[in-house]
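# Summary of the model geometry
Chain by chain, the residues:
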Amino acid sequence: MVAFGQWIGYGATPRQGVPARWCHYRQIRNRFGVRGIEVIIAANWKMNPPLADAAALAVAYAADSFDGVTRILFPPAPYLVQMGVRLDGTDMLVGGQDCHHNASGAHTGDVAAGMLADCGARVVLLGHSERRADHGEDDALVATKAAAALSAGLDVMICVGETLDQREAGSAEAVVTAQLEGSVPAGIDASRLMLAYEPVWAIGTGKVAGVEEIAAMHAAIQQWLAKRDLASVPILYGGSVKPGNADAIFGVPDVGGALVGGASLKAEDFNGICSAGARAAAARS
Ligand code: PEP
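Residues numbered from 1 in each chain as written. Predicted model: local features only at pLDDT ≥ 70, side-chain atom pairs only at ≥ 80, totals over all residues. Heavy atoms only, no water.

## Examining the side chain of Arg71
- Inspection of the secondary structure puts Arg71 in strand β4 (residues 69-74).
- On the accessibility criterion, Arg71 (0% relative accessible area) is buried.
- Among the polar contacts listed, one links the side chain of Arg71 to the backbone oxygen of Tyr61, at a separation of 2.9 Å.
- Side-chain polar atoms of Arg71 contact the side chain of Asp91, separated by 3.0 Å.
- The contact partners of Arg71, leaving out residues within four places of it in the chain, are Ile41, Tyr61, Asp64, Ser65, Phe66, Asp91, Met92, Leu93, Phe270 and Cys274. (Helix = DSSP H or I, 4+ residues; strand = E, 2+ residues; numbered from the N terminus. Buried < 20%, exposed > 50% of the residue type's maximum accessible area, 1.4 Å probe, protein only. Polar contact = N/O pair within 3.5 Å; in protein donor to acceptor, adjacent residues only side chain to side chain. Contact = heavy atoms within 4.5 Å.)

Right, dumping it as structure tokens:
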């Protein structure tokens with residue numbers, strides 16, 4: 001299996017003329033050659049939609065491609081194989097929304113990372129705030145799951161983000177830093193990791209963090225990464241991203257893409273966000 005990081009060739013050196021703030025983005029070296037500086041846009045379908053609608057959506061996704069944009073689909077686990085088949089031959093990868101921290105065993109209802117890989121997943125989403133809230137997942141468990149996923153050959157996208165109370169108390173940055181410390185396995189290879197900063201109060205609420213708030217948090221995360229030799233890791237923003245706000249969000253320094261929930265369930269909206277990603281990628285290259 002080709003790891004996602006290998007596929008898109010993370011860790012490229014900055015090019016002359018590229019603003020310093022984009023230096024951590026990767027030049028894409030996919031199967032077709034170098035394509036430029038990439039924006040990653042991931043669709044998190046959560047526990048949606050019914051299979052018939054999912055198939056139609058995947059067909060609509062497959063009809064388009066966006067220069068400079070790497071797309072990832074996180075469908076419900078039972079749909080992985082079918083969505084992988086529908087998207088085969090396109091530049092859109094499929095991934096799991098979660099995995100168990102063990103490779104196998106008596107864990108009714110759970111899915112092992114290796115099973116996701118067997119179903120065509122290249123990456124797994126971990127530590128989403130809905131998993132943290134609905135299933136009591138803490139940072140230590142997220143780190144253990146990440147280790148299991150890496151062992152199974154999957155790359156990981158780890159989510160972090162503060163609640164509204166934490167932001168209002170002025171502790172957003174401290175909360176996110178603590179989540180990074182606890183959730184990102186020590187010594188992880190930068191080419192296997194993506195981060196998603198998702199303020200919990202902005203997920204599914206229609207409230208988007210302001211560009212200054214996003215810029216400040218992404219800069220703090222970037223600093224944290226740089227100290228650990230992980231500066232090339234992309235940091236996606238998530239939280240009510242829509243076609244109408246995507247250009248502004250992708251214009252923020254250190255935003256390497258978007259994790260999209262609600263808007264990914266409408267092909268037109270998701271494609272609108274991907275078009276904004278392509279404009280951002282062109283502006284950065
Ligand atoms: C998400 O589920 O990760 C998310 C960002 O959702 P939404 O885009 O609906 O806010």
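## Here's the deal with the confidence of the model for the protein chain
- On average, residues of the protein chain carry a pLDDT of 88, and 87% of them reach 70 or more.
- The model gives residues 1-36 a pLDDT under 50, and that stretch makes 95 contacts with residues more than four places away or in other chains. (pLDDT = per-residue confidence, 0-100.)

## Focus on the site of the ligand
- Residues in close proximity to the ligand total 14 residues, the closest being Lys46, Glu198, Gly204, Ser240 and Gly262.
- A distance of 2.6 Å separates an oxygen atom of the ligand from a polar side-chain atom of Glu198.
- Within the backbone of Ser240, a nitrogen or oxygen atom sits 2.7 Å from an oxygen atom of the ligand.
- Computed on the free molecule, the ligand has an accessible area of 290 Å², of which 97% lies beneath the protein chains in the complex.
- The residue inventory of the shell around the ligand, partitioned by class, reads four nonpolar, eight polar and two charged. (Near = heavy atom within 4 Å. Areas by Shrake-Rupley, 256 points an atom, 1.4 Å probe, with all protein chains shown as cover. Nonpolar A, V, L, I, M, F, W, Y, C, P; charged D, E, K, R; others polar.)

## Considering the packing of helix α2 (residues 51-62) against helix α3 (residues 80-87)
- At their nearest, the axes of α2 and α3 sit 9 Å apart, and the two run at 30° to each other. One element, α2, and the other, α3, form an angle in the roughly parallel class. The hand of the α2/α3 crossing is right-handed. Here Leu51, Ala54, Ala55, Ala58, Val59, Tyr61 and Ala62 of α2 come into contact with α3, specifically with Gln82, Met83, Arg86 and Leu87. (Axes fitted to C-alpha atoms, helices over the stretch in contact; angles between N-to-C directions. Parallel < 35°, antiparallel > 145°, perpendicular 65-115°, else oblique. Left-handed = near helix turned anticlockwise from the far one by under 90°.)

## Some words on the pairing of strand β10 (residues 257-260)
- Alternating positions in β10 separate into two faces, Gly257 and Leu259 on one and Ala258 and Val260 on the other, with burial throughout.
- With four bridges connecting them, strand β3 (residues 39-44) and β10 associate as parallel partners. In the strand pairing of β10, Ile41 is matched with Ala258.
- What joins strand β9 (residues 235-238) to β10 is helix α10 (residues 243-250), and the crossover it makes is right-handed. (Pairing = 2+ DSSP bridges. Right-handed = clockwise from strand over helix to strand, strands pointing away.)

## Some points on the side chain of Ser264
- The residue Ser264 is located in the loop between β10 and α11 (267-284) in this model.
- Within polar-contact distance, the side chain of Ser264 engages the backbone oxygen of Val260 at 3.3 Å.
- In this structure Ser264 touches Ala43, Asn44, Trp45, Leu57, Tyr61 and Phe270, once residues within four positions along its chain are discounted.

## As for the nonpolar core
- One finds Val156, Ile221 and Phe250 to be the most contacted residues of the largest nonpolar core, which totals 70 residues.
- Here the element with the most residues in this core is α11; it accounts for eight residues.
- Grouped together as the second largest cluster of nonpolar side chains are 13 residues, Ile72, Leu93, Val123 and Cys159 included. (Core = buried A, V, L, I, M, F, W, Y, C linked by side-chain atoms within 4.5 Å.)

## Examining unusual backbone geometry
- Residue Pro49 is bonded to the preceding Asn48 through a cis peptide linkage, with omega at -20°.
- Positionally, Pro49 belongs in the loop between β3 and α2.
- For Asp229, which is not glycine, the phi torsion reads 65° and is therefore positive.
- Here Asp229 shows up in the loop between α9 (211-227) and β9.
- Despite not being glycine, Asp254 has its phi angle at roughly 75°, a positive value.

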